[in-house]
Structures are given as structure tokens and as C-alpha cells.
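What follows is each chain in one-letter form.
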Amino acid sequence: MSPRLFGAACVALSAAAFGSMAIFARYAYAGGAEVIAVLLFRFVIAAALMTCFMLAIRRRWPRGRNLLLLLGMGGVLYVGQSMSFFSALNHASAGLVALLLYLYPFLVTLLGALFLRQHLGVGRVVAVLAALFGTALTLGGGLAGEAVGVMLGVAAALIYSVYILVGGRVLTQEDPLAAATVVMIGAAAVFSALAIWQQPAFPASASAWTAVVAIAVVCTVVAMLGFFIGIRNLGAADAATLSTLEPVVTIALAALFLSEPFSLLQIVGGAIILGAVVWLTRAGARTADQADGVPSTVVGSTARSSVE
């Protein structure tokens, strides 16, 4: 498997893991847990597991400027995005907030072209816009909210876009596992302080604790590591676009486990997203095939740079 196809597979796994978080969160909230408590245990458990694994395999930790950037990604950007998103839900419908968050593939592509001089090809622009349109169809109706909710939703998308672009730069020099671990530690430290300040309600049942652990392991460790590998192999813009598979997974799991209905428009939206994902993956694979005869390490970097 080429580095680009492996990266696409990792982003797909990441999207599936992230997409399941809404389902586990439902069970956690039903068991008495409040949002800050869920986020606290999500990042503390994830940080502990990944730190133990890092120590066991003696992987090199990031240092210097990259260490500070990764801690900032977790403690400032990831926390800021989470708080903006959950605050927006108090002022706008879930559908509108989710749609605003999924502006981030477009924002990542645009900001990357403006500030990082990444090539902005017609094919990528079409794929990003198609994924955004598919996301709008997938999320369906209920797009209502106050102005403050819209601003918070856009803020969540913008912060997440900066997070992805910063991660894309750092991951050219750092191992994805080490980088993800430091991000988790930064987020865990900030949410620990927030929990001490707000003293939220903890899970009150075995099912709620099980859901919280699943959020930490599946929706954080697996999801974050897969996404970071994807960013390293694909570039920030394409990894962000491929991650729009997440709402498709969420709706499918909600229909399967929560008996939530889905419409024909949502099926069409999911098909459009999958089409954009397949196009981006095949486009990168064709680019890699054109580099036959070049050593694999060069092929990987050529494939990434040609589609960024």
C-alpha cells in the first residue's frame, strides 16, 4: 500500500472513531455525566494510556519549539474548539452547529493556500465544495439559531482549521504517536483545571463509565492517532476533506443503535461525500504511480507535495 493510500485508510478509521463519539456521549449524558466531566476523563484517560505506551516503547518525545506548539494545540486550540462547539449548541440547533464546524475542510484548504503557499488546484476545490455540500445534505434540517450561535460555530471551525494546519507543519518533523500524546497531555491539563473550577457531575452508572472509557480509547486515542498519520501522509487539506466521512458514520450508527431515522437526502449527501473522498484518494494514487522508479521515500513526499 502506498503512503497516500495508507494515510487515507487511517483518516477513514479516524472518521469512523470520531463519528461514534456522539453515540457514546448520549449514553454518558444519560448516566448523569456533564460535558466538562466527559471531556476531562476523555483526555486524562487518553493521555495516561498514550504516555504509558510511549514510555514502554521508549519513543522519542518532541522537544523545544515543537513541544510547545503541540502543548498549545492541545491546551489552547483543542480546548478552544471544544468549548466553542459545545457553547454554540446552547444558541443554535445541533444541525446548524455541526454544519458550521464542517466548514473546516474548506477553511484548511483556503488558509493553507493563503498563508502556507499550498497549491490550490481546481480538482481539490471542487472536491472540498462537494464534500461541504454533501455534509449539508447529510446533516439535514433543523438549521436554526441565534447570531451568537453562528459566530461560535464559525469560531469552532476556524480554531480547528488552525489546529490542523499547525499539526501539519509539526508532523513533518515529529512522530504522530508522540505528537498526539503531547496534544492529549495539554488538553488533559486544561480540562483538569476547568473541572476543579466548575466541579461538574461525574458519570453515575456503569454504562456511563463504559461510554466515557470508549470515548477516551476509541474516539480519542484511535481517532487522533489515525488523523495525525493521515495529515502526515496526505497533507492537512486532503486529510481534513476525507474526515468529512464522520457525519456519515454518525448518522449510520445513530440509525443502528439509537433507532434514529434518516432521509433520502442524507443518503445522497453521504454518497457525495464518499465520491469526493474516492476522487481525492485516487488522484493521489495516480500521482504516486507517475513516480515509478523513484525510491519509496521520495515517492511518498512527491505524492504529498503534488496534491497539497
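Located above this text is the structure these notes cover.
Predicted model only: the values in this text are computed from it and were never measured.

A. Quick look at the overall build of the protein chain. When you go through the protein chain residue by residue, the secondary structure sums to 14 helices and 0 strands. In the protein chain, the succession of helices and strands from N to C terminus is α-α-α-α-α-α-α-α-α-α-α-α-α-α. Counting only residues that meet the buried cut, the protein chain has 50% of its 308 residues in that class. Nonlocal contacts in the protein chain, meaning residues at least 24 apart in sequence, comprise 89% of its contacts between residues at least 6 apart. Of the roughly 13800 Å² that the protein chain leaves accessible, carbon and sulfur atoms contribute 70%.

B. Layout of the pattern of salt bridges. According to the stated counting rule, one finds 2 salt bridges in the structure shown. When the shortest N-O distance is used, the salt bridge between Asp-175 and Arg-59 registers 2.8 Å. In this pair, Asp-175 is assigned in the loop between helix 8 (147-170) and helix 9 (176-198) and Arg-59 in the loop between helix 3 (35-57) and helix 4 (64-88), connecting sequence segments 116 residues apart. Since its relative accessible area comes to 23%, Asp-175 is described here as partly exposed. Taking the shortest distance from any N to any O, the salt bridge between Arg-60 and Glu-174 comes out at 3.3 Å. One end of the pair, Arg-60, is in the loop between helix 3 and helix 4; the other, Glu-174, is in the loop between helix 8 and helix 9, and 114 residues separate them in sequence. On the accessibility criterion, Arg-60 (45% relative accessible area) is partly exposed. For Glu-174, a relative accessible area of 5% translates into the label buried.

C. Structural view of unusual backbone geometry. One non-glycine residue, Arg-58, lies in positive phi territory at about 55 degrees. Residue position: Arg-58 is located in the loop between helix 3 and helix 4. One non-glycine residue, Gln-199, lies in the positive phi region at around 50 degrees. The residue Gln-199 is located in the loop between helix 9 and helix 10 (206-234) in this model.

D. Here's a closer look at the packing of helix 8 against helix 10. Close contact between helix 8 and helix 10 brings their axes to 9 Å; oriented N to C, the two are set at 60 degrees. Judged by the twist between their axes, the crossing of helix 8 over helix 10 is right-handed. Two secondary-structure elements touch here, helix 8 through Tyr-160, Tyr-163, Ile-164, Gly-167 and Gly-168 and helix 10 through Met-224, Phe-227, Phe-228 and Ile-231. Here the residues of the contact of helix 8 with helix 10 sort into 7 nonpolar, 2 polar and no charged.

E. Broad picture of the environment of Arg-65. Within the secondary structure, Arg-65 sits in helix 4. Along the sequence, Arg-65 and Val-170 sit 105 residues apart, while their C-alpha atoms lie 9.4 Å from each other.

Cut-offs and rules
- Residues numbered from 1 in each chain as written.
- Predicted model: local features only at pLDDT ≥ 70, side-chain atom pairs only at ≥ 80, totals over all residues.
- Heavy atoms only, no water.
- Helix = DSSP H or I, 4+ residues; strand = E, 2+ residues; numbered from the N terminus.
- Buried < 20%, exposed > 50% of the residue type's maximum accessible area, 1.4 Å probe, protein only.
- Contact = heavy atoms within 4.5 Å.
- Areas by Shrake-Rupley, 256 points an atom, 1.4 Å probe, with all protein chains shown as cover.
- Salt bridge = Lys/Arg side-chain N within 4 Å of Asp/Glu carboxyl O.
- Axes fitted to C-alpha atoms, helices over the stretch in contact; angles between N-to-C directions.
- Left-handed = near helix turned anticlockwise from the far one by under 90°.
- Nonpolar A, V, L, I, M, F, W, Y, C, P; charged D, E, K, R; others polar.

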